[in-house]
Each structure stands twice: as C-alpha cells, then as structure tokens.
Amino acid sequence: MASPFLQYLIETDRFSLQSPYNKNRNCKGKTIGFAIQSDSSKEDKDENSNQPPTIKTPTPVPDRPSSRPKSGRLSSSLRHHEIDDKRTVARSPTFVSERTYTAFARGKRPSTSRTLNSVQSSNYKDGKISQNGVRTSFKMDKHITEALPAMEPAFLEVTKEIAGQYVWRLEGRSRVVDLEEQHHGFFHEGSVYIVLKVDSNETVHLHYWFGKHSTENDRKLIEEKAHELDRIVHHAHVFTRETQHHESICFLRNFNDGIIYIEGRPKTALSRATVYVKRMYIIDGRKFVRATCVEPSADLLDNNLACILDGFPRIYVWIGQHCPYTTRLKAIQVAKKIRNQQRKEVSHIVIIDEKDVSMNTAFIKKLHNGENLPPKEETINNFNAKIEVENIVLHRVAGERVMYDMPEASKRPLNQRYLVKRDSYLLDTGPESPLYVWVGSQANENAAMNGIKRGKSFNEHKAYPSHQAICRIMEDHEPITFRKIFNDWRDKDTKHRQLTKKYSIGNIERALFSTKDNRTVAKLDELWSEDLMSDIVPNNEIWRVGPNQLYGIPWNEHGIFNNGSCYIVLNHVKGNSKSLYVMYYWLGSKSSIELQEKTMKHVLSKDADLQYQCIKVRVLDGKEPTHFMNVLQNSIIIHDCDLKDSSQFSTQMFRVREIVNGNMRVLQVVPNRSSLNSSASFLIMSKEECFLWYGKKSGGPEREYTKSMLEFLNPSKMFDFEVVLEGRENNRLQELLGANCEYPLEFPKPILERRQPNLVLCHHTNSISFEDIVNFQKEDLTSEDIYFLDSFDQIFIWIGQNINEDVRQQLLHLPQKYIEKDTAGRCIADISLWIISHNHEPETFIKHFRDWCNTSYGGHDVYTLTRKKIRQENAIIDIDQEMVDRSYMKYPKYAYRELIKKEPSEEVNRSHKEFHLTEKYFKEVMKMSRPEFYRLPLWKQEQCIKSARLGHYETSDNPLHIRCLSPE
C-alpha cells in the first residue's frame, strides 16, 4: 500500500513518481520506483477528473551502458524525468502546477510559473498535508526521501500559524543553529544570521544579516538558506538583505531594545577564545540603537553619544554631556539587556553622566590609555538614511538584465497607480537608502523568488555600495518608508473605501447632514480630513497686519477680509480638562511674502506673551477649515484688492459658495463669464441693475444667502433685483458678463488625502535635518526637541518646553525646509499647518497617540526616574554571590578525549559536556579556572565551549527532509 503522502499526490493528480532511470536510459545500478499510469486521452478530455490512476508494482530496472537521448532532453533544474507515456515528472510538490506536463521538444519548454496567490493557497504547508481543514503528518518511504533533496533540519518546526521570532546562526561549514531567546539581538561580527518574525496576523518578516568580518562563502550559504526558508513560508511579506552598521528600519524594528555587535565568531581558535578583557560598547541611535563592541579607550568617548563598559560585577553606563535623553534611556535599556541575558541578572548597573565629576574621573582610569589600539572607527549612523529626492526612480522589473529587463517606469512624483498587481517594480532612492523590490499579488512567482537577486544585479550595475540593504516587499505590506515616497498612496483599509456616498434608506440615519453637498455622507470615523475643536467661546480678537503694527478690527467687521492683507484671529476654546487659546493667522492669496513673514513674527510674539499656551493654525485663502469658519460665525467675505477700489470695472461680482455644513464663503471675482461656476450662486451688481445668478448645482442655502448678501452690500437694491437661472441669461446679463466661454461645473477637490501619521524628529543643533520615528508613542516626545507629526495633508509642529527663543524663531522656515526634502513632492500651500506647544496639545493631535497621559513625556524627568529605578534594582542584587554552577559536581567525570567523540557515553550530558571535566582537565582545556569561566558573559562562555569542541547540536527526528527548489 502506498504511503499517505504518495496517496495524497495520487488523489490530487499532482505529479508522477518514477525511477530517475527508465527503460530509455542506461544506469549502472538497479533502482525501484513507482509509476502512475493513466489514460492520456481521457485526461485531455477531462482535466478535473477525480478517477485515481492505477499504480504499477515496483519493477527492477536492468543495468545498461551509459548513454543519453539526443532529443526530448528535459530541464535538469526542474528535476523532470521521462516515462513511457511521455509525461514529465517533478520531485517537489510545492512548485509544480496542477497540470501534468507532456514531454516537450528542445526549445519548447512549457511555462512553469504560478502566481503568488496560487502558491499561498497551496495545501502543502510545513511538511504536512492539509485536507478538509485537518492537518495530518505523513512519512515517506526511504527510496522516496532519498530521491528528494534534503531540507535544512533547523527549519522543520517553522510555521506561520504561531507568532514569534526565530533567529538562526551559521556555524561550521553548513550547520544552521537555532538560537535561544537569550541570544536574540546579539550578533557576532564574523558570522551570518537569519531572522524570522511572524506577527499575530501571520505577517512574515524574513531577514538575513552579514557581519562585517564574515567570509564570502558564509554569505553565499546563508543567502541560499534564507531563500530556502522564504519558499517554506510561501514567500515572506518582507524579505531583506542586511549588513552590519547599515541595517534597514524593517530589520531594526524587530529588536526594540537594540542590537549588540559581538566580536569574533561563535567558534574560533581555543587560544583566542579563552582570552577575554573588558569590552566597551558605543551606543548609537535614537528609536532603534546599535551597540558596537570596541576596545576600551578614553579616546572613543564622545559628548554626543553614550557607551557601556561591561566589567563584572558592574556594568558602567557613561553618558556624554550633549547626549539626547532618548539615547540615554536606550543605553540604560541595552545595559539591562546585557545584565539579564548575559550576566544571569547578577550585576550592578552604574550610570555616569556629566554631573558625576568624581565618577567620571574614576571611570576614565578603568579605560586603556589608547596606546597600541587599532585606529578609531568612525561611528556609522544611517538611521536617517539620506534619500536623494531628485534621483527617485521607479523601474519595472522583468528579469535580471538591468539595461533590458528594468526599464524606467516613472520619476518623482510617484503615483500609486504605477504599481500594477501583475508586475514587479524596483524603487531606487539613492545609494545611502534601501533598495526596494515591490511584488504585486498577481505577479509571476519568479518575481518573488528572484526579487533579492534582481536587486543585487541593479546594485552592481549602478555601482552602489555592496552594504546597501535590499528589501523585497509584497503588495499590501509596504513599510512606511516605502509608502511615504508616493504622492497619492492610500492604505489597504481605505484604498477602496467610498468616501463620497449618496443618500439611501440604509445610511440616512448615520449621515452627516449637509444642506449643500449630498455627496459627503460618511460615518464619523470615516471623516478623515475633518478636525473639530471643542466648545468655542465667541470672544474673538482680530487684527489686520500692517507694515509696522497691528490694527484692531471692530466687532461689526469681523469676517470681512481682503486677499491682499493678512489677519490674526485669537479665540478661546474650552477643552475637556483645560482651556486653550487658538490663534489663526489668515494669509491672503495676493499678500506679499514680506507681509506673511511679519505676520508669523507677530504670532510668535503674541504666543510668548501668553506663555506659549496658544495653538497656532495657518489658514490659507480659499482653504479655510470648518473650525475656523465656526469662529467667524460660519461666514466669511473676501474682497479682491485689485477689484475693490478699481475703476476699470463698473460692475461688481461676488461668488457665494457653501463649503460644508452651512459655512458660507463669499469671494469677489472678476465680472466676466469665466468666473462663473455651476456649483455656486453669484451676485452681479451694476449702477443701474442687480442680478442673482443661480448655478444648476447650487443649493438652496446658497441662493438664500445670496439674497442676504445683496442686503448687506447694496441695501437699495434689496427689492429690485432679477433672478437668472443658469442657461437662461437675458441679453442684458450677457452684455455685463461679456462673450461666451467655458466655465467650470464644480470646484476642484483637495489634492492631498489624509494618511496614517508619521512622527519626524527635527535636528536643529548644527544643521537642520529630519529623522523618522517608527512606531511612535508619546514617550518619544521630549521637551528638548521639535517634532513634525505628518498626516500628509496636515502637519503638526510640536515644540518642547525647553526650546529656547532663538530656535523658535526658526519656525518661519522649518516647514518649507521640511517640504523641500519631501519624497512625495508635495507643495507647502496644499498642507494644513499647526504649531502646538508642550502640555497644550489639542484633541486633534492627541487622537494620533495611544494611551495618552499628560505625565508620560520623555526627557529629563523620565531619565531621572529611570536612574532611581536602577538604584533600587541594584539594592536587591547580591553581586557577591558565587557564580559557579555547582551542579557539575554530581556528574561523572570523563577524560577530554572521551567527551569530544561523536558518540560519547550515554551518561554524558550532551548539552553541558563541560560538567564532566575534572578541575584539572577543565583548566587545561579552557585555560582558566571554573570561577574565572563563570564570570564571563554567556556569549563568551559559549564561544569557549564550542572552540573546545564541547558544544552540542541537536538533530531532528523528523524523517521528512524536503528542500523546495526554484523552477529557475
């Protein structure tokens, strides 16, 4: 009877198994196999037939002299074999399509490609068969397992159904070892690693990492293993190649507490492994940090960085005078990681900063004097990888030849519609930032399997640095660093959302009733681009900005503006727990740049008078938000500075438009036909006559408000006007408007849409630069910095309370400098700009943070509290306790030669062979006593054990060893 796995292949008609040598081929030995016999004519008529084919009994194949057929030769890369009925056979079930291919002639190879959706929906997963929702294990016959290539045993337990993180390291020539959790985040500089992260929603992140001292053979081997693992998980959603000191954010975010570089390799010469001196780690980064292992030296201390000296029984954390508080907290976090994972939680952490003068002196004495040390390596910081905005190019990828298979698809600004589901694309953003290979959900499977390889070909062709990170990302799993480069990106959950709906019985009761725009009907949580204020107190103060001073506006002229001037509106808002001041500064569309800069200076001056408690909102002419209109009693009248006092036109024309929810905007326009719009009403006045022109798409509130405007602007014509509907203009009105011409039917929609927010840190010390903060939270906001919360159509500038006045004056130019480096190519005029202060955040800003608490800011207070907690932890840790593991005394003792055998005695604990060494043998082998050995960090103990050939590697008992091969 056939095995369960073979029976599965027969029932599903996947492929046929046969001896590698049939009667048409010669072989030296006899091989027994199974052949599936079926009627080819019936199969051609009904491909979906479920009739199981019959199985021939095993038959020996006689010896024949070696020869090869000249025609009909099959591709060796696909592992195809010929059989009697001219049907081809494949060994791996993962990459064989549903149809059994007929034998093909030379040059007529059939397509073996499959889409990613078909691969990911396959029933073959993790070495198990899934039938009718039940997962069943299977075993294969010995001759079948020998015919199939061996899969890496370390990957047998990998599954996407269990969330977690796996880390493998290459040891020896080809052994891949699964690391325990205590070693996660520690990377040897001379080794290579694979990191697999599975989220709770089965999103898979796969990375392979190169140490700077790793060999080329190790790099090639770990790359093959990573691609094998990628095929096992049916193509990870994010798959990257990483290099030491140049890791991408996709990789670093897997280690929230930072990564630590360890010297050397896991296994080295015993004489070298047993020599250990204190090591110092340089901490670099902000949100995600790296700890670089160096020789202790006072010359490496930098006032802008932090460092850790790992000296048992104390771990010293030295902090530079100008080191940011976020980096200080991360340095303490790294020290705790070393203590907990490498020192068995038996070590004191001593923090030394600029205030501890005496401790600084004692700390420097513990370091070497800098003599006979290797040259100082420059600290590499590519957390804020520079993207060359001008050179952003999107390439369509069809192969590995850059000149022929990677044509240019588009340049900046990029649109999301350029990414086609059935294709693959490469995004080039410069040599100092990651190279992205995007694969559509309907793309050929080769696009996913060869994505990294094609990225490497592009990297070599462009002569980019070999350490550049290459990221292959699947559709709908793009990281924020990729999405922000596109001008009109919409995430999956909102990409197909209908933001403009019509009234129906089903949604009428949950509609936002608008008296004008019946297209804007959505749930409250779907109204992304609307920002609401709390209760508004109607005690406004309005000033017009003059050349030298501010001029107050009387209350009866509030809401009447001129587009050649700038205005400041101060309003008082009552929040849930506190009162806020909101200061709007309205910039006319025809105002000068000099006047706008003066307006901003007046705003900052008034904010300082109010002790920086104001929320400052920039309002552009024609883009007034709803909360600004509410302050002005839901209406605004704007006169044109070129038309108000001009004698060129004897006729005046005003456009009345409802913005949303009854807010009316009245604008003086040029009195001609091109100024008309079918979605608005117009008031046209001459010396003798008055007309009310109603567009076909104008609403009732607009038409009624046009009559009210006539009463305000020309009371004498209140009862002497003529109503004209669009398309029914009389001769007199046509004479006033001029010759016929086309005019718009609707008003343009906003160019930008709301996206998920992105927090950006503004470095303002020496030169202005910006750094993205991934997975931001409130603790990332520090009182000594300036942050940009960017939701694409809106930008909040958050200012810490410890920012001095000189830096605040830079707010005049910071937004423009930020937009100049924007990869999406936005314009500053299309963005709503808010400036808010520490401890005075509005609800529209707070809603973007989870678990907002008024006392959870980062900075000096958090740093001081963390130091107190460290002192409390030190008080309960006894560093004088004996570190030697006395459990070795109960184990029988053997000679060293007995322990290094492949099959030692059954009484030997293979996980701890060092327990079986006597004190004499232990000191001879390890070159140190047991107390000295146990004072080393765990990674050094492990290195010594492996270098002494006392390490143990567990082997899997699973008989299924399958390695899925690529069709290429």
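Here the structure is shown first, and the text comes after it.
Below or above, wherever it landed, is the structure these notes cover. Predicted model only: the values in this text are computed from it and were never measured.

Calculation criteria
- Residues numbered from 1 in each chain as written.
- Predicted model: local features only at pLDDT ≥ 70, side-chain atom pairs only at ≥ 80, totals over all residues.
- Heavy atoms only, no water.
- Salt bridge = Lys/Arg side-chain N within 4 Å of Asp/Glu carboxyl O.
- Helix = DSSP H or I, 4+ residues; strand = E, 2+ residues; numbered from the N terminus.
- Polar contact = N/O pair within 3.5 Å; in protein donor to acceptor, adjacent residues only side chain to side chain.
- Contact = heavy atoms within 4.5 Å.
- Pairing = 2+ DSSP bridges.
- Axes fitted to C-alpha atoms, helices over the stretch in contact; angles between N-to-C directions.
- Buried < 20%, exposed > 50% of the residue type's maximum accessible area, 1.4 Å probe, protein only.

## A look at the pattern of salt bridges
So, point 1. Across all of its chains, the model carries 42 salt bridges by this definition.
So, point 2. Across the salt bridge formed by Arg 867 and Asp 356, the nearest N and O atoms sit 3.4 Å from each other. A residue pair is termed long-range when its members are at least 10 positions apart, and Arg 867 in helix H22 (residues 860–875) and Asp 356 in the loop between strand E17 (348–352) and helix H9 (357–365) qualify at 511 residues.
So, point 3. Among the ionic pairs, Lys 616 bridges to Asp 607, the shortest N-O distance being 2.8 Å.
So, point 4. Sharing partners across several salt bridges, the network here consists of Arg 169, Glu 171, Glu 942 and Lys 946.

## Comments concerning the side chain of Ser 424
So, point 1. In this structure, Ser 424 sits in strand E20 (residues 424–428).
So, point 2. Within the structure, Ser 424 has its side chain in polar contact with the backbone oxygen of Trp 438 (distance 3.1 Å).
So, point 3. When near neighbours in sequence (up to four residues on either side) are disregarded, Ser 424 contacts His 395, Arg 396, Val 397, Val 437, Trp 438, Val 439 and Ala 447.

## Thoughts on the sheet that holds strand E25 (residues 560–562)
So, point 1. Strand order in the open sheet formed by 7 strands is E25-E29-E31-E30-E32-E33-E34, and the pairing between neighbours is mixed. At either margin of the open sheet sits one strand with a lone partner, and together these are E25 and strand E34 (722–725). Taking the axes of each pair of neighbouring strands and ignoring which way they run, one obtains an average angle of 20 degrees across the sheet.
So, point 2. Relative to strand E31 (residues 664–669), strand E30 (residues 652–658) runs antiparallel, the two sharing 6 bridges. Paired with Arg 655 across the two strands is Leu 667, which belongs to E31.
So, point 3. Sitting on the sheet, helix H17 (residues 700–713) is in contact with E25, strand E29 (635–639), E30, E31, strand E32 (681–685), strand E33 (690–694) and E34, with an inclination near 25 degrees to E32.

## Considering the environment of Leu 725
So, point 1. Along the polypeptide, Leu 725 turns up in strand E34.
So, point 2. For Leu 725, a relative accessible area of 35% gives the class partly exposed.
So, point 3. Measuring from C-alpha to C-alpha, the distance between Leu 725 and Gly 695 comes to 6.5 Å, with 30 residues separating the pair along the chain.
So, point 4. Contact partners of Leu 725, with chain neighbours within four places excluded, come to Trp 693, Tyr 694 and Arg 703.

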